[in-house]
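Listed below, chain by chain, are the residues.
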Amino acid sequence: MSDLLAALNALRERLTEVPQADERRLRELKTEILGRKAGALTHILAAVPSLEPKDRKAVGGVANALKRDFETAFAARERELKRASVAAGDLDLTMPGRAGWQGGLHLVTQVVDEICEIFRELGFTRAVGPEAESERNNFYALNFPHDHPALDAQDSFYVGDGVVLRTHTSPVQIRTLEAYPPPIRVVIPGQVYRRDPFDPSHSPVFEQIEGLVVDEGVTFVDLKAALTAFARRFFTSDTTVRFRPSYFPFTEPSAEMDVRCQICKGSGCPTCKQSGWMEILGSGMVHPAVLDNCGVDSERYTGYAFGMGPERIAMNRYGVSDIRLFWEDDVRFLSQFARPHR
Ligand code: DAH
C-alpha cells in the first residue's frame with residue numbers, strides 16, 4: 001500500500017513534463033502513463049480492486065484524481081500544440097473546403113433542352129404525350145399498314161389490348177393535330193420503347209424528339225431550311241448537311257438528314273464508319289392521309305415532320321461509345337457532364 005502511494009507520488013512529479021513536451025514526446029508520455037497495456041498509472045489502477053477495503057479507498061482516490069490531472073494536462077498541451085502549429089502555418093486556413101454535393105441535369109436532359117431551345121427560337125412550342133399509347137395513334141393513324149412488322153409483339157411492348165408503349169414520339173403528332181387547328185409548330189420530346197437488346201448501340205427505352213409543322217403553303221424548302229438552321233446552331237455554324245431519300249409511312253416524300261461527322265470533319269473515322277457523315281434524323285412532308293385521319297383539310301394544309309434521337313446525338317457530340325452509360329446512373333460518368341440546374 002505504501003509502495004503504491006510512493007509510486008503515485010513519483011508519477012505526480014511527472015506532470016511537470018507535460019507542458020514542455022513536443023508532439024512526439026506527448027504521445028510517448030500518454031503511452032507511458034495512461035497506455036492501455038503498459039501505462040504506469042493503468043497498472044496501479046488495475047491493482048486497486050485486490051487491496052484491503054480501506055486501502056482500496058485511499059489508493060483508488062489518489063490514483064483516480066491523478067488520472068484526471070494527467071488527462072486535463074494532456075488535453076491542454078494538445079490544444080496548445082495545435083494552436084502553435086496553425087500559427088506556424090502548418091495548416092492552410094485559406095484552403096477551400098470540400099464542395100457540398102450538388103445535383104445536376106442528366107446529359108441527355110441537357111441535350112434535349114438545348115435542342116428544344118433552338119427550336120423555340122425558330123418558333124416551335126414544346127408538347128408532350130403519354131408513353132402508353134393506342135395502336136391507332138402509334139400506328140394506324142400514322143398510315144402504317146395493318147401488316148407492318150412494327151405492329152408485331154416481337155418488336156413492340158404491348159401493355160393491353162390495342163395499347164402499346166409508344167415505339168416513337170410520332171403518335172403525339174396525331175394528338176396535336178386532333179387538339180389544335182393549324183398553324184402548328186411543335187417539338188415533342190419523350191421516351192419511347194422497343195423490344196431491342198440492351199447493347200452498346202441499343203436500348204429498349206430511349207429518348208426521341210419529334211417535330212411537326214402544319215400550315216398553309218408549307219413546302220420541303222421550309223423543312224430543309226429549319227433543319228439546316230438547327231444543325232448549324234446545335235453543332236457549328238459551318239456544319240454541312242445532306243438529305244438522303246428515305247421511307248416512312250407517315251411522310252411523303254421522306255428524307256434522312258446527315259451532318260458532317262463532328263469528330264473527323266468528313267475525312268472518315270471509326271465513329272462515322274469512314275463515311276464522313278452522321279445520320280441525325282428522319283423527316284418528310286406529312287402524308288395527306290395523316291392529315292385526313294385527324295380531320296385536317298389536306299387540300300388546304302401541308303406540313304413537315306421530323307424525328308431524332310438525342311442519345312445518339314449526345315454520343316456523337318461527346319464521344320460516348322456506349323448508350324447503356326446513360327441508363328446506368330453511375331455518377332462517375334454523369335458528373336463529368338454536370339451543369340447546375342438553371
Ligand atoms: N418515328 C420515326 C422513328 O421512330 C422517326 C421519324 C421519321 C419521325 C420521320 C418523323 C419523321 O416525324 O418525319 O424512326
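Residues numbered from 1 in each chain as written. Predicted model: local features only at pLDDT ≥ 70, side-chain atom pairs only at ≥ 80, totals over all residues. Heavy atoms only, no water.

**So, the packing of aromatic side chains**
Scanning the entire structure with this criterion turns up 15 aromatic pairs. Look at Phe119 and Phe306: their rings are 5.0 Å apart centre to centre, the planes differ by 25°, and that puts the pair in the stacked class. One end of the pair, Phe119, is in helix 5 (residues 107-121); the other, Phe306, is in strand 10 (residues 302-308), and 187 residues separate them in sequence. Here Phe119 matches Phe306 in class, with each residue buried. When the centroid spacing of 6.5 Å and the interplanar angle of 25° are considered together, the rings of Tyr304 and Phe306 count as stacked. (Phe/Tyr/Trp six-rings, centres within 6.5 Å; stacked < 30°, edge-to-face > 60°. Helix = DSSP H or I, 4+ residues; strand = E, 2+ residues; numbered from the N terminus. Buried < 20%, exposed > 50% of the residue type's maximum accessible area, 1.4 Å probe, protein only.)

**A short note on the environment of Asp199**
If you trace the backbone, Asp199 turns up in the loop between strand 5 (184-193) and strand 6 (205-215). Looking at Asp199, the relative accessible area reads 22%, which means it is partly exposed. Residues Asp199 and Ile323 lie 124 residues apart in sequence; the distance between their C-alpha atoms is 7.5 Å. Setting aside residues up to four positions removed in sequence, Asp199 forms contacts with Asp322, Ile323 and Arg324. Side-chain polar atoms of Asp199 contact the backbone nitrogen of Ser201, separated by 2.9 Å. Polar contacts involving the side chain of Asp199 include one to the main-chain amide nitrogen of His202, which spans 2.8 Å. (Contact = heavy atoms within 4.5 Å. Polar contact = N/O pair within 3.5 Å; in protein donor to acceptor, adjacent residues only side chain to side chain.)

**Section: the layout of surface pockets**
Taken as a whole, the largest pocket holds about 1,300 Å³ of empty space. The element best represented in the lining of the largest pocket is strand 9 (residues 277-286), accounting for seven residues. Looking at the lining of the largest pocket residue by residue, the class counts come to 20 nonpolar, 20 polar and 10 charged. (1 Å grid on protein atoms, 1.4 Å probe; cavity = no way out; pocket = protein on both sides within 12 Å on 5 of 7 lines; lining within 4 Å. Points joined across faces, edges and corners; volume = space filled by probe spheres on them. Nonpolar A, V, L, I, M, F, W, Y, C, P; charged D, E, K, R; others polar.)

**Remarks on the nonpolar core**
Of all hydrophobic cores here, the largest spans 39 residues; its most connected members are Ile115, Phe119, Ile280, Tyr304, Phe306, Met308 and Phe326. Those elements that place two or more of their residues in this core are helix 5, strand 6, helix 8 (220-234), strand 8 (251-260), strand 9, strand 10, helix 10 (310-318) and helix 11 (331-334). With eight residues, helix 5 is the largest single contributor of residues to this core. Apart from residues lying up to four places away in sequence, Phe306 is in contact with Phe119, Phe124, Val187, Ile209, Glu210, Gly211, Leu227, Leu281, Gly282 and Ser283. Of all hydrophobic cores here, the second largest spans 24 residues; its members include Ala141, Leu151, Leu177 and Val290. (Core = buried A, V, L, I, M, F, W, Y, C linked by side-chain atoms within 4.5 Å.)

**Here's the deal with the domain arrangement of the chain**
Size of an interface, as often reported, equals the accessible area lost when the parts are brought together. Partitioning the chain into domains gives domain 1 (2-90) and domain 2 (107-337). Here domain 1 and domain 2 have C-alpha centroids that lie 77 Å from each other. (Domains from an automatic or database assignment.)

**A few points about the site of the ligand**
The full set close to the ligand counts 15 residues, and His168, Ser170, Arg194, Gln208 and Glu210 are the nearest of them. Arg194 is positioned such that a nitrogen or oxygen atom in its side chain is 2.8 Å from an oxygen atom of the ligand. Between Glu210 and the ligand, the recorded distance is 2.6 Å, taken from a side-chain N or O atom to an oxygen atom. The fraction of the free accessible surface of the ligand (350 Å²) that becomes covered by protein chains is 89%. Of all the elements in the fold, those that place two or more residues in the shell around the ligand are strand 6, strand 9 and strand 10. (Near = heavy atom within 4 Å. Areas by Shrake-Rupley, 256 points an atom, 1.4 Å probe, with all protein chains shown as cover.)

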